[in-house]
Amino acid sequence: MRRLLFFLFFVPLPGAAAGTGCPSIDSAMLMLSAPVPGGQSAAFSGACLCTLIARQPEIKAAALVPLVRAFARHNPVSDTLLFCGWRHRLRRETGSVFAALRHAWKRQHPSLNAALLAYQQAGAADRIDTLCTIFDRENGLDAHILLRWIDAKEVLDDYAPVPDLFCRVISERPQLTPLALNRFETILDELAARRCDTLLQRFAGCPFGKAPQTDTAAIRSWIIEQYGRKGLFSRQLEMVSSLENNGDRRCGLLHSIARRRLERQRYAEAAAAALALYRCTSESERRRGAASLLYESYRALGLNDSAKTWLERAGVTSEKSRIEAIELYQRAGDYAKAAELIPLLPGSLARDTLYLRQLLLCDSLPAALRFVYDDRNALFRSDRHLALWRVRTTLFCGKIDTCLALLDSINVDPAHSFAGELMDYRYWLLRLADFPEALAKFVQIEYTLFKGDLKKAAELFCASGRAVGDAWRIGVRIARLQIEQSEAAAAAATLRCAPAEREPEYLYCMAEAQFRDGAFEGARSVLERLILEFPTSMYAVQGRLLLVRMP
């Protein structure tokens, strides 16, 4: 009984339109066949016609198509009615009905662009999207309408079709290429790198070459630039390397990428681009340029052996390059090679500084001490350099009283690059004056750091224990150097040798070491403690910035 009542009350009878006040299809056809202005035809509205269309396939297209045509002869086919037919276009036998609606709408609206402009001014992006989708299926859209469609897609956050739409704009109107690329770049600026990667890959697959007068080279260069702007370096390098039949252009782009990455201190990426540049050419001048870029990148990364190899390939003929080579050989521990090049330099402050540095690195401390007091060397041409190297040499030689006397006689300018080093020496020599063993360890650690042996310096520090209450400061200094050399795990181990849980600088350094080592939970815990307990510290500010970068 319930089923019968439901059928009677809720299922519309055949031929009757669902909805209050709507006539049946037969009645509507009679009304539309002999309309009276403001009378019978007005009684059959577009909403009623939409209701009948929605009942497909119950009502056959053969009955609906004449009704749609009759309706269109005496009534406006609104966008709403057109959209109603579009929503039901996938129903069986609806195609011819929708075609009749679309034909009537086009006859009554000769300008699609005017309709789109009205919706754009009203902020109806969804209606723009629907109209463009409808008429794109028929015979395509011109470039200006496609640009309006792209604007609507951006508002709707529907970016997947955007690359194909820009491709069509450029293919149809190559002269609009600069406008289209500028518009596309604006969209990419608003999106995350991963999303940009997908869009750029789709855009790169566009068959630009099939459209005449299209500047495909400019488009490829633009895509390569966008990969670089969004930090998608591997994609950028891959696309440059895939360029065919234009070795000069490929090499030029690789050189530009390597140089830009080097300027932005992205040294590993600069090295990858420079290596690709070196491999893409047999021209000696370009190879030397690539080798020079590789040398600079590896030197900045602290990979001295690799840097040394590429410096030799870059050529060491000028005085500047010889000085760089000597410094590099000294950092790499290749003192024999450095000794060969030092005599090739003309007499200068640079040559004598490198010679003194060589003596200290080779443990020739007595000879170094004699050299800094020999007024024939060029160090005497600069009071600042002479004072710095005398302090270093007397300290490393264990001449503590002489070193302190020198420090007392120097007027340290905080603006000088080595002012911090001299002030640190003075602080520790006075701080450890009553702790002979700790002082000896400090001198040994400083000398080891000067020689670049971070591992040994960390071992000496950890073996010295906590002879002084603020020994953690030395540990932080060693740890920072280890972090710079990408030895984050070793830096955290160094810091644990002399913990200082109440010191903001120590906490931040520990968090940074753990962060760089991938121990994100530990780093987050330390940073939260730092920010909570020391909110006004400058290290708390840095900690907040580091916390934002946590994955």
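Cut-off values and rules
- Residues numbered from 1 in each chain as written.
- Predicted model: local features only at pLDDT ≥ 70, side-chain atom pairs only at ≥ 80, totals over all residues.
- Heavy atoms only, no water.
- Helix = DSSP H or I, 4+ residues; strand = E, 2+ residues; numbered from the N terminus.
- Buried < 20%, exposed > 50% of the residue type's maximum accessible area, 1.4 Å probe, protein only.
- Contact = heavy atoms within 4.5 Å.
- Areas by Shrake-Rupley, 256 points an atom, 1.4 Å probe, with all protein chains shown as cover.
- Disulfide = S-S within 2.5 Å.
- Arc of directions from axis to C-beta.
- Core = buried A, V, L, I, M, F, W, Y, C linked by side-chain atoms within 4.5 Å.
- Axes fitted to C-alpha atoms, helices over the stretch in contact; angles between N-to-C directions.
- Parallel < 35°, antiparallel > 145°, perpendicular 65-115°, else oblique.
- Nonpolar A, V, L, I, M, F, W, Y, C, P; charged D, E, K, R; others polar.
- Phe/Tyr/Trp six-rings, centres within 6.5 Å; stacked < 30°, edge-to-face > 60°.
- Expected span 1.5 Å × (residues − 1).

Caption draft 1: Spatial organisation of the overall build of the protein chain. Counting its regular elements, the protein chain contains 33 helices and zero strands. Counting every position in the protein chain, which comprises 551 residues, the buried fraction comes to 45%. Partitioning the contacts of the protein chain with sequence separation of at least 6, the portion at a separation of at least 24 is 56%. Only carbon and sulfur atoms are counted for the fraction: they give 52% of the accessible area of the protein chain, which is about 28,300 Å².

Caption draft 2: Expanded view of the state of the cysteines. Considering all chains together, one arrives at three disulfides under this definition. Covalent S-S linkage joins Cys 167 and Cys 206, the inter-sulfur distance amounting to 1.5 Å. Its torsion about the S-S bond being 60°, the disulfide of Cys 167 and Cys 206 is classed as right-handed. You can see Cys 167 sitting in helix H11 (residues 162–172) and its partner Cys 206 sitting in the loop between helix H13 (193–204) and helix H14 (216–229), a full 39 residues away along the chain. By relative accessible area, Cys 167 is classed as buried at 10%.

Caption draft 3: Highlighting helix H33 (residues 538–548). Those residues of H33 lying buried are Tyr 539, Ala 540, Gly 543 and Leu 546. The buried residues of H33 occupy one face: seen down the axis, they fall within an arc of 115°. Residues of H33 that are exposed and angled more than 90 degrees away from the buried face: Met 538, Leu 545 and Val 548. As for H33, its buried residues are in contact with helix H29 (472–484), helix H31 (504–517) and helix H32 (520–533).

Caption draft 4: Layout of the nonpolar core. Grouped together as the largest cluster of nonpolar side chains are 110 residues, with contacts concentrated most on Leu 131, Phe 166, Phe 203 and Ile 223. Discounting residues that sit within four places of it in the chain, Ile 223 has contacts with Leu 200, Phe 203, Ala 204 and Met 239. Among the nonpolar cores identified, the runner-up in size contains 43 residues, and Leu 360, Leu 365, Leu 449 and Ile 478 belong to it.

Caption draft 5: Summary view of the packing of helix H20 (residues 319–332) against helix H22 (residues 349–361). Contact geometry of H20 with H22 gives a least axis separation of 11 Å together with a crossing angle of 10°. Taken together, the axes of H20 and H22 are roughly parallel relative to one another. Residues Ile 323, Ile 326, Glu 327 and Gln 330 of H20 lie in contact with H22, whose contacting residues are Ala 350, Leu 354, Arg 357, Gln 358 and Leu 361. For the contact of H20 with H22, a count of residues per class yields five nonpolar, two polar and two charged.

Caption draft 6: Structural view of the environment of Arg 235. With respect to the secondary-structure elements, Arg 235 resides in helix H15 (residues 233–241). Setting aside residues no more than four positions away along its own chain, Arg 235 makes contact with Asp 197, Gln 201 and Tyr 227.

Caption draft 7: Main features of the packing of aromatic side chains. Counting across every chain of the model gives 14 aromatic pairs. On the basis of an interplanar angle of 35° and a centroid distance of 6.3 Å, the ring pair of Tyr 508 and Tyr 539 is categorised as tilted. You can see Tyr 508 sitting in helix H31 and its partner Tyr 539 sitting in helix H33, a full 31 residues away along the chain. No difference in accessibility class separates Tyr 508 from Tyr 539, as the two residues are buried. One aromatic cluster is present, built from ring pairs that chain together Phe 166, Phe 184, Phe 203 and Trp 222.

Caption draft 8: Molecular detail of unusual backbone geometry. The backbone phi angle of Asp 363 is positive, close to 65°, even though this residue is not glycine. You can call Asp 363 partly exposed: its relative accessible area is 46%. Despite not being glycine, Ser 486 has its phi angle at roughly 60°, a positive value. Inspection of the secondary structure puts Ser 486 in the loop between H29 and helix H30 (488–496).

Caption draft 9: Local environment of the environment of Pro 207. Structurally, Pro 207 can be placed in the loop between H13 and H14. What makes Pro 207 partly exposed here is its relative accessible area of 44%.

Caption draft 10: Summary view of the side chain of Asp 197. Locating Asp 197 in the fold gives a position in helix H13. Residue class for Asp 197 comes out buried when judged on its relative accessible area of 14%. Among residues more than four places away in sequence, those in contact with Asp 197 are Tyr 227, Leu 232 and Arg 235.

Caption draft 11: Structural view of H13. An ideal rise of 1.5 Å per residue puts 16 Å on twelve residues; H13 measures up with 16 Å between its terminal C-alpha atoms. Within H13, burial applies to Cys 196, Asp 197, Leu 199, Leu 200, Phe 203 and Ala 204. Elements in contact with the buried residues of H13: H11, helix H12 (177–189), H14 and H15.

Just distances and angles here, no functional claims.
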